[in-house]
Structures are given as C-alpha cells and as structure tokens.
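Chain residues, written in single-letter form:
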Amino acid sequence: MRPFRFRAQAAIDLRQREYDDARRVLARASLDLRAAEELRTEADARIIAAREQSTREMRGAIDTARWQWHQSWILRLEHERAVCATDVAARERDVERASASALKARQRLEALERFRYKARAAWERASAAEEQKQLDVLATLRHVAALRESAQRSRT
C-alpha cells in the first residue's frame, strides 16, 4: 500500500502560518497594552506627586499666581492621564481583537488537523486490512500446500 499522503497539507501549512501571524499580532498588541498601562501608571504617579507638592506649598504662604500655576499644572497632568487612559482602552480593544483573531486562526488550524488525523486513521485501518488480507492469502496458500503434501504422502 502507498505511504500516507494528506492532500490538504498545503492548507494546514497555510493555516499554521496564519495562526503564527495572529499570535505575533497578539503578542505585539499585548506589549503595546503593557506600555500604555505603564505610561498611565506614571501619569498617576505624577499627579499624586504634584498634588503632594501643591499641598506642601499651600501650608506655607503662597500667592495667588503660584496657586493658579499649581492648579493649571495638575489640570494638565490630569489631561495627560486621561489621554493615557484613552490609549489604554484602545490597546485593550486591540488585544481583544487580536485574541479573537488568534482564536479563530487556531480553530481553523485544529479543524484541518482533526481532518488529517481522521484521514490518517482511515488510511491505517485500510493498510491494516490490506495487510491482514495478504496474511490470510499467505496462510491459505500454506494450508493448501500442506494439504497437497499430505495428500502426496498418503498416495505414496
């Protein structure tokens, strides 16, 4: 019997490349998300530090211009933090899309791999049946040969 050959192997290879690409996109999106989260954390820390500094200066004598400067500074930092939060939300959506894409690519690959597994199992069953048929023919030939030999001995 011929060796097993899966005709859709090229499709499996294509699906594997698609899955690998999707995982790379997911990894990149995850890295981008982590970087955006770090920037947001840094923005939070800057706001906290600015508020602490403002509070320290408020304890002493502070003029109105300095107080307004601190308020504007904190407002700008809060705006930067809001921009960072928006970026984090966008990166989270990117990760969700990339995850869904990777999952779909994996499912498509696994479907073809299951098909290959079933085809391989069917080929192995057919191969085993062919081998058993050949063994049965060989056993039959040996039996017939033994009967002929026995018949010849009984004649002589």
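**Some points on the overall build of the chain**
Okay, so step 1: The helix and strand inventory of the chain stands at two helices and zero strands.
Okay, so step 2: The C-alpha radius of gyration of the chain comes to 37 Å, more than 25% above the 15 Å expected for a compact globule of 156 residues.
Okay, so step 3: Over its C-alpha atoms, taken along the principal directions, the chain stretches across nearly 135 × 25 × 15 Å.
Okay, so step 4: Counting the 156 residues in the chain, one finds 16% classified as buried.
Okay, so step 5: For the chain, contacts bridging at least 24 residues in sequence account for 83% of all contacts bridging at least 6.
Okay, so step 6: Of the roughly 11,900 Å² of accessible surface on the chain, 54% is carried by carbon and sulfur atoms.
Okay, so step 7: Mean positive and mean negative side-chain charge positions of the chain (33 and 25 charges, respectively) differ by 10 Å.

**Structural notes on the packing of aromatic side chains**
Okay, so step 1: Applying the stated rule across the entire model yields three aromatic pairs.
Okay, so step 2: With a centroid separation of 5.3 Å and 25° between ring planes, the pair formed by Trp69 and Trp73 is classed as stacked. Separated by four residues within a single helix, Trp69 and Trp73 lie in helix 2 (residues 64-155), roughly one turn from each other.
Okay, so step 3: Trp69 sits in the partly exposed class, given a relative accessible area of 43%.

**Topic: the nonpolar core**
Okay, so step 1: Ranked by size, the top nonpolar core spans eight residues in total: Phe6, Ile12, Tyr19, Ala22, Ala102, Ala105, Leu109 and Leu112.
Okay, so step 2: Here the element with the most residues in this core is helix 2; it accounts for four residues.
Okay, so step 3: Here Ile12 is in contact with Phe6, Leu109, Leu112, Glu113 and Arg116, once residues within four sequence places are set aside.
Okay, so step 4: Core analysis: the second largest hydrophobic core is formed by six residues, Leu33, Ala36, Val88 and Ala98 among them.

**Description of the packing of helix 1 (residues 9-59) against helix 2**
Okay, so step 1: It is the contact of helix 1 with helix 2, at a shortest axis distance of 7 Å, that shows an interaxial angle of 165°. Relative to helix 2, the element helix 1 lies roughly antiparallel. Judged by the sense of rotation from one axis to the other, the crossing of helix 1 with helix 2 is left-handed.
Okay, so step 2: Here the contact of helix 1 with helix 2 is built from residues that sort into 27 nonpolar, nine polar and 21 charged.

**Examining the environment of Ser54**
Okay, so step 1: Along the chain, Ser54 turns up in helix 1.
Okay, so step 2: For Ser54, the contacting residues outside a window of four places in its chain are His70, Gln71 and Ile74.

**Here's the deal with the pattern of salt bridges**
Okay, so step 1: This structure, assessed with the given rule, holds 15 salt bridges.
Okay, so step 2: For Arg51, the salt bridge identified is with Glu78, shortest N-O distance 2.1 Å. Separated by 27 residues along the polypeptide, Arg51 in helix 1 and Glu78 in helix 2 bring together distant segments of the chain.
Okay, so step 3: By relative accessible area, which is 28% here, Glu78 ends up partly exposed.
Okay, so step 4: Among the ionic pairs, Arg120 bridges to Glu124, the shortest N-O distance being 3.2 Å.

**Focus on the side chain of His70**
Okay, so step 1: With respect to the helices and strands, His70 occurs in helix 2.
Okay, so step 2: His70 gets classed as buried once you look at its relative accessible area, which sits at 0%.

**Things to note about the environment of Ser30**
Okay, so step 1: Among the secondary structure elements, Ser30 is positioned in helix 1.
Okay, so step 2: Distance from Ser30 to Val95, taken between C-alpha atoms, is 6.0 Å for residues 65 residues apart in sequence.

Basis of the calculations
Residue positions are given per chain, counting from 1 as you read along its sequence in written order. Where totals are concerned, whole chains, interfaces and linings use all residues; where local detail is concerned, this predicted model gives features only for residues with pLDDT of at least 70, and gives and counts side-chain atom pairs only at 80 or more. Each side-chain value is worked out from all heavy atoms of the structure, with water and hydrogens disregarded. Strands here are runs of E lasting at least two residues and helices are runs of H or I lasting at least four, both read from the DSSP assignment and numbered beginning at the N terminus. This radius of gyration counts C-alpha atoms alone. The globule rule is 2.2 Å times how many residues there are, raised to the power 0.38. Only protein chains enter the accessibility calculation, which uses a 1.4 Å probe; a residue whose area is less than 20% of its type maximum is buried, one above 50% is exposed, and one in between is partly exposed. Whether two residues are in contact is decided by their heavy atoms, any of which lying within 4.5 Å being enough. Using a 1.4 Å probe, the Shrake-Rupley method yields the accessible areas, and only the shown protein chains count as cover for residues. All tallies of charge rest on Lys and Arg as positive and Asp and Glu as negative; His and the ends of each chain are not included. Here the site of a charge means NZ on Lys, CZ on Arg, CG on Asp, or CD on Glu. Note on ring pairs: Phe, Tyr and Trp rings are taken, using the six-membered ring of Trp, and paired if centres are within 6.5 Å. Classes follow the plane angle, with under 30 degrees stacked, over 60 edge-to-face and the rest tilted. What makes a nonpolar core is a set of buried Ala, Val, Leu, Ile, Met, Phe, Trp, Tyr and Cys residues whose side-chain atoms join them at distances within 4.5 Å. In this analysis, axes come from line fits to C-alpha atoms, helices being fitted only over the stretch in contact, and the angle between any two N-to-C directions falls in the range 0 to 180 degrees. Under this scheme an angle from 65 to 115 degrees is roughly perpendicular, one under 35 degrees roughly parallel, and one over 145 degrees roughly antiparallel; angles in between are oblique. Crossings are classed by handedness, with left-handed meaning an anticlockwise turn of the near helix from the far one by less than a right angle and right-handed meaning a clockwise turn. Residue type decides the class: Asp, Glu, Lys and Arg count as charged, Ala, Val, Leu, Ile, Met, Phe, Trp, Tyr, Cys and Pro as nonpolar, and the leftover types, Gly among them, as polar. For this document, the term salt bridge refers to a Lys or Arg side-chain nitrogen within 4 Å of an Asp or Glu carboxyl oxygen.

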